Amino acid sequence: MQDRPAPQSIEGFHQRLRELSDGLPKRLKQCAEYLAANSDRIALSTVAELAAGAEVQPSAMMRFCQIMGFSGFSEMQRLFRESVAQGFPDYASRLANLRERGAGSPSALLAEFVDAGRMSLENLANTVDSRVLDEAVARLAQAQTLHVIGLRRAFPVASYLAYAFEKMEIPAMLHDGVGRLNQAHAVRPGDALIAITFAPYTEDTVALARNCATRGIPVVAITDTVISPVQIEGVLPLSVSEVDFGAFRALSATLSLAITLAVAVGAQRKPKS
């Protein structure tokens, strides 16, 4: 089985999984079952994290990669990272694909997006690093003013955070990109930034995160993959991935992470004297 060429596409990867799963020993079968159910985590996770999820040793996960035809974990992960980097098809193509599959009825779409949201939330609960989350809240709670940026698909999350902070009487500024104004100068020492961006990444969000990190301003990023351009020194990343349906990605897990940040920061900040 090791002599077979490695799959060249995500579809080929899943086809290989189906072909091999029945004849695998117990530990390798656990690897196959976990990766089949959590393939969206492969681009984001280390081999140790995937092995822990499958309840096997990292050596078993490495062995499984080789049985799949890859030289090792890095080659398998590269396949999924390249798929992420390619981005999603345009909306016209997505809608056309749904029509061709006959999956466009409102009730069917609701069921699919509810299911995708459930899986996204389960992934978040299973993969979030509580130590990183605690550190993110601590940094934000100490800031004088919280700056929030998230454009395009991330804008609903950014605007929600700004709304929540305002209702909790926490000084906050939403960087919304209106007029293409560069508001980096508004971020002062003692402030902190929350930068939200997903593939395909928004240049303005990345630029502000880099600017603040360079100046020593605390930056917490909500992003999707380990190859995200905001995964840089000085930025504390919180990774979240959304299971898609028909290449449409909801924000179920991302908004849950955002409300967690907002409420936790509100609870930790010292009340006004």
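These figures come from a predicted structure and were not determined experimentally. (Residues numbered from 1 in each chain as written. Predicted model: local features only at pLDDT ≥ 70, side-chain atom pairs only at ≥ 80, totals over all residues. Heavy atoms only, no water.)

Student: Quick question: what am I supposed to make of the layout of surface pockets here?
Tutor: Any empty space left between the atoms is revealed when a probe the size of a water molecule rolls over them. Its volume calculated, the second largest pocket comes out at about 510 Å³. As for the second largest pocket, its lining consists of 22 residues, of which R41, E49, T127, V128 and D129 are closest to the centre. Residue assignment for the lining of the second largest pocket shows that the elements contributing at least two residues are α3 (47–54), α7 (106–127) and β5 (235–239). It is α3 that provides the largest number of residues to the lining of the second largest pocket, a total of four residues. Here the residues of the lining of the second largest pocket sort into ten nonpolar, nine polar and three charged. (1 Å grid on protein atoms, 1.4 Å probe; cavity = no way out; pocket = protein on both sides within 12 Å on 5 of 7 lines; lining within 4 Å. Points joined across faces, edges and corners; volume = space filled by probe spheres on them. Helix = DSSP H or I, 4+ residues; strand = E, 2+ residues; numbered from the N terminus. Nonpolar A, V, L, I, M, F, W, Y, C, P; charged D, E, K, R; others polar.)

Student: How should the packing of aromatic side chains be read in this particular structure?
Tutor: Aromatic ring pairs are reported here in terms of the distance separating the ring centres and the angle at which the planes meet. Following the criterion strictly, the structure yields two aromatic pairs and no others. Both rings, one in F13 and one in F80, keep their centres 4.9 Å apart while their planes meet at 90°; by these two values the pair is edge-to-face. Linking F13 in helix α1 (residues 10–20) with F80 in helix α5 (residues 73–85), this pair joins segments that are 67 residues apart in sequence. For F13, a relative accessible area of 0% corresponds to the buried category. Accessibility expressed as a relative area gives 5% for F80, which makes it buried. Grouping aromatic residues by their ring pairs yields a cluster made of F13, F70 and F80. (Phe/Tyr/Trp six-rings, centres within 6.5 Å; stacked < 30°, edge-to-face > 60°. Buried < 20%, exposed > 50% of the residue type's maximum accessible area, 1.4 Å probe, protein only.)

Student: Help me understand the nonpolar core, please; the structure alone is not making it clear to me.
Tutor: Looking at soluble globular proteins, one finds that nonpolar side chains tend to be buried together. Counting 32 residues, the largest nonpolar core has F165 and I196 as the members making the most contacts within it. Broken down by secondary-structure element, the contributors of at least two residues to this core are α8 (130–141), β1 (146–150), α9 (155–167), β3 (192–196), β4 (219–223), β5 and α11 (252–268). Take this core: its biggest share by element is six residues, from α11. What I196 contacts, discounting residues up to four positions off in sequence, is V148, I149, G150, L151, A154, V157, A158, L161, T205 and I222. Core analysis: the next-biggest nonpolar cluster, separate from the first, contains 28 residues, F13, L24, C65 and F70 among them. (Core = buried A, V, L, I, M, F, W, Y, C linked by side-chain atoms within 4.5 Å. Contact = heavy atoms within 4.5 Å.)

Student: Explanation requested: the pattern of salt bridges in the structure shown.
Tutor: Opposite charge on two side chains makes pairing possible when the charged atoms of those side chains draw close. Across all of its chains, the model carries five salt bridges by this definition. Between D129 and R131 there is a salt bridge, with the nearest N and O atoms lying 3.5 Å from each other. For D129, a relative accessible area of 31% corresponds to the partly exposed category. In this structure R131 comes out as exposed when scored by relative accessible area, which is 65%. The partner of E135 in a salt bridge is R139, with the nearest N and O atoms 3.0 Å apart. (Salt bridge = Lys/Arg side-chain N within 4 Å of Asp/Glu carboxyl O.)

Student: Whenever I open this one, the packing of α3 against helix α4 (residues 58–67) confuses me. Can you help?
Tutor: Any two packed helices are characterised by how steeply their axes cross, that is the angle between the axes, and by the distance between the axes. Two elements in contact, α3 and α4, have axes whose closest approach is 8 Å; the angle formed by their N-to-C orientations is 100°. In terms of axis orientation, α3 runs roughly perpendicular to α4. Note on element contacts: α4 touches α3 through P58, M61 and M62, opposite V47, A48, L50, A51 and A54. Counted by class, the contact of α3 with α4 contains eight nonpolar, no polar and no charged residues. (Axes fitted to C-alpha atoms, helices over the stretch in contact; angles between N-to-C directions. Parallel < 35°, antiparallel > 145°, perpendicular 65-115°, else oblique.)

Student: How do you make sense of the pairing of β3 when you look at a structure like this?
Tutor: Summarising burial for β3: five of the five residues are buried, a large majority. Burial of β3 is two-sided: the residues A192, I194 and I196 facing one way and the residues L193 and A195 facing the other way are all buried. As judged from the four bridges shared by β3 and β4, these two strands associate in the parallel manner. Note on β4: the bridge partner recorded for I196 is I222. As for the winding sense of the linkage, the β-α-β connection from β3 through helix α10 (residues 203–214) to β4 is right-handed. (Pairing = 2+ DSSP bridges. Right-handed = clockwise from strand over helix to strand, strands pointing away.)

Student: I tried to follow the environment of A60 on my own but got confused; where do I start?
Tutor: Tracing the chain through its elements places A60 in helix α4. Between the alpha carbons of A60 and V47 there is a distance of 9.9 Å; along the sequence they are 13 residues apart. With residues up to four places along the chain from it excluded, the contact list for A60 reads L28 and C31.

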